[in-house]
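Chains, contacts and geometry: an overview
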2 protein chains.
Amino acid sequence: MQISKLARRSGVPVATVKFYLREGLLPPGELTGATRARYGEQHVERLGLIRALLGPGGLSVATARTVLEAVDAPATSMHQVLGTAHCTLPAVGPDVPHDLGQARELLRRHGWRVDDDSPALHALAAALEALRAAGAPPSDELLDRYAEAAGRLGEQDVADVPTGSLAEAVRFVVVNTVLLEPVLLTLRRLAHEDASRRRFPTGGDAAAAG
Amino acid sequence: MQISKLARRSGVPVATVKFYLREGLLPPGELTGATRARYGEQHVERLGLIRALLGPGGLSVATARTVLEAVDAPATSMHQVLGTAHCTLPAVGPDVPHDLGQARELLRRHGWRVDDDSPALHALAAALEALRAAGAPPSDELLDRYAEAAGRLGEQDVADVPTGSLAEAVRFVVVNTVLLEPVLLTLRRLAHEDASRRRFPTGGDAAAAG
């Protein structure tokens, strides 16, 4: 199909499609003339992925490019490739050197083996430090509860990874890691709202809370 | 204590303390002269909270101010105040009008009652739409799994809210909502890493992955 049809099919303006081509997010079409190219279904699909990463995924164009490079990277070993894809994803917290003690101890209690250089391990340590700095040091009981929930989700997420091809697996991991994160956070906030409504019914709650 | 001691105690440079005072994040001390003021323990504690919100919380100065206003707001009813605090927090996803169908249906299945204007509901709908756009439409089974995990965490989080005073409760909700989010996300990523290592052992996995 021509670029105008690709734009229509994807619901993305032609100028934006051209921008993605220039930025290297969208691979070029097959040249059919000096200034014309033909695009296929894989371009429609790719545009959906780009829009998802830039929009709800909240990625910058530069980060989206890195993530898409991980999606496109030639595969060597599954764990390695998934790890690379994972590490290129935007950090969920600040990544500065911190005391890893409580974070390591938590992972040890749950029997998790992760790389010492894992960005997520450093981000976890930073988040725990922030809670302490905010005067809300997290108890082991609280952290165990969060680790159990995350562990159950993580286990099942990985069980769902398609093993047909490495490229497909990487795409799955990237999309699910980035795009299920807002799902998890918004669901937790909605669970708070629902639980708060039940625990503190509107009306006579100032006294009850008093 | 004087500002220099406050700075030392908090590990924050004097210039930064003055910046927080000017920006209204830190309440002024008690004036003891034309250019001198005395600060108390509550200022040390507040500086910890400010640093946590601006640092790992990832808030802008303007958003941190709104959140701190919610923390300081005079209390009326517990659910209302917690709701206000909750709604001022930075959204975890884009907040644009979307089809709320699948999100509403998910909450209905789990018996959650939330406000139709809840920013989290709109953000959830946007996140689900993004997954569909990325070619990874989430199954009901997947969403139920995430909702169950979020529901368990949310229920326990709300049960932990201290009811001694509304101010204390709001502070708890703000701090735990903002600062436990990176904990949850980083733990999920670490769980992925651990589960991936077990499912795809390094070495002979290219063949196994097939």
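In what follows, the structure referred to is the one given above.
Figured I'd write up the structure that's included with this text. Remember, predicted model here, so these are calculated numbers, not experimental data.

With respect to the overall build of chain A
- Scanning chain A for helices and strands turns up 10 helices and two strands.
- The proportion of buried residues among the 210 residues of chain A is 50%.
- The contacts of chain A with a sequence gap of at least 6 include a subset with a gap of at least 24, amounting to 58%.
- As presented, chain A carries roughly 9,300 Å² of accessible surface, and 54% of it is formed by carbon and sulfur atoms.

Quick notes on the side chain of Arg188 of chain B
- Relative to the helices and strands, Arg188 of chain B resides in helix α9 (residues 166-199).
- Here Arg188 of chain B is in contact with Ala150, Asp157, Asn176, Thr177, Leu180, Glu181 and Leu184 of chain A together with Tyr146 of chain B, once residues within four sequence places are set aside.

Some details on the packing of helix α1 (residues 3-10) of chain A against helix α3 (residues 41-54) of chain A
All names here are of chain A.
- Between α1 and α3, the least distance of the axes is 10 Å, while the angle of their chain directions is 45 degrees. In terms of axis orientation, α1 runs oblique to α3. Where α1 crosses over α3, the handedness of that crossing is right-handed. Listed contacts from α3 to Leu6, Arg9 and Ser10 of α1 are Glu41, His43, Val44 and Leu47.

A word on the pattern of salt bridges
- Taken as a whole and judged by the stated rule, the model has 31 salt bridges over all chains.
- Residues Glu181 of chain A and Arg189 of chain B are paired through a salt bridge, measuring 2.8 Å at the closest nitrogen-oxygen approach. One end of the pair, Glu181 of chain A, is in helix α9 (residues 166-199); the other, Arg189 of chain B, is in helix α9, on a second chain. Each member of the pair Glu181 of chain A and Arg189 of chain B is classed as buried.
- In the salt-bridge network here, residues are joined through shared partners; they are Glu105, Arg108, Arg109, Asp140 and Asp144 of chain A.

Structural notes on the packing of aromatic side chains
All names here are of chain B.
- By the definition in use, this model includes two aromatic pairs over all chains.
- Where Phe19 meets Tyr20, the ring centres are 5.9 Å apart and the plane angle is 55 degrees; that geometry is what we call tilted.
- For Tyr20, a relative accessible area of 4% gives the class buried.

Some words on the nonpolar core
- One finds Leu124, Val183 and Leu187 of chain A together with Val183 and Leu187 of chain B to be the most contacted residues of the largest nonpolar core, which totals 113 residues.
- Each of domain 1 (1-54) and domain 2 (55-201) of chain A contributes no fewer than three residues to this core.
- Excluding its chain neighbours within four sequence positions, the residues that come into contact with Val183 of chain A are Leu124, Ala127, Leu128, Leu131 and Leu143 of chain B.

Re the side chain of Asp144 of chain A
- Here Asp144 of chain A is to be found in helix α8 (residues 140-159).
- Contact partners of Asp144 of chain A, with chain neighbours within four places excluded, come to Leu106, Arg109 and His110 of chain A.

Conventions we followed
Residues numbered from 1 in each chain as written. Chains lettered and ligands numbered in written order. Predicted model: local features only at pLDDT ≥ 70, side-chain atom pairs only at ≥ 80, totals over all residues. Heavy atoms only, no water. Helix = DSSP H or I, 4+ residues; strand = E, 2+ residues; numbered from the N terminus. Buried < 20%, exposed > 50% of the residue type's maximum accessible area, 1.4 Å probe, protein only. Contact = heavy atoms within 4.5 Å. Areas by Shrake-Rupley, 256 points an atom, 1.4 Å probe, with all protein chains shown as cover. Axes fitted to C-alpha atoms, helices over the stretch in contact; angles between N-to-C directions. Parallel < 35°, antiparallel > 145°, perpendicular 65-115°, else oblique. Left-handed = near helix turned anticlockwise from the far one by under 90°. Salt bridge = Lys/Arg side-chain N within 4 Å of Asp/Glu carboxyl O. Phe/Tyr/Trp six-rings, centres within 6.5 Å; stacked < 30°, edge-to-face > 60°. Core = buried A, V, L, I, M, F, W, Y, C linked by side-chain atoms within 4.5 Å. Domains from an automatic or database assignment.

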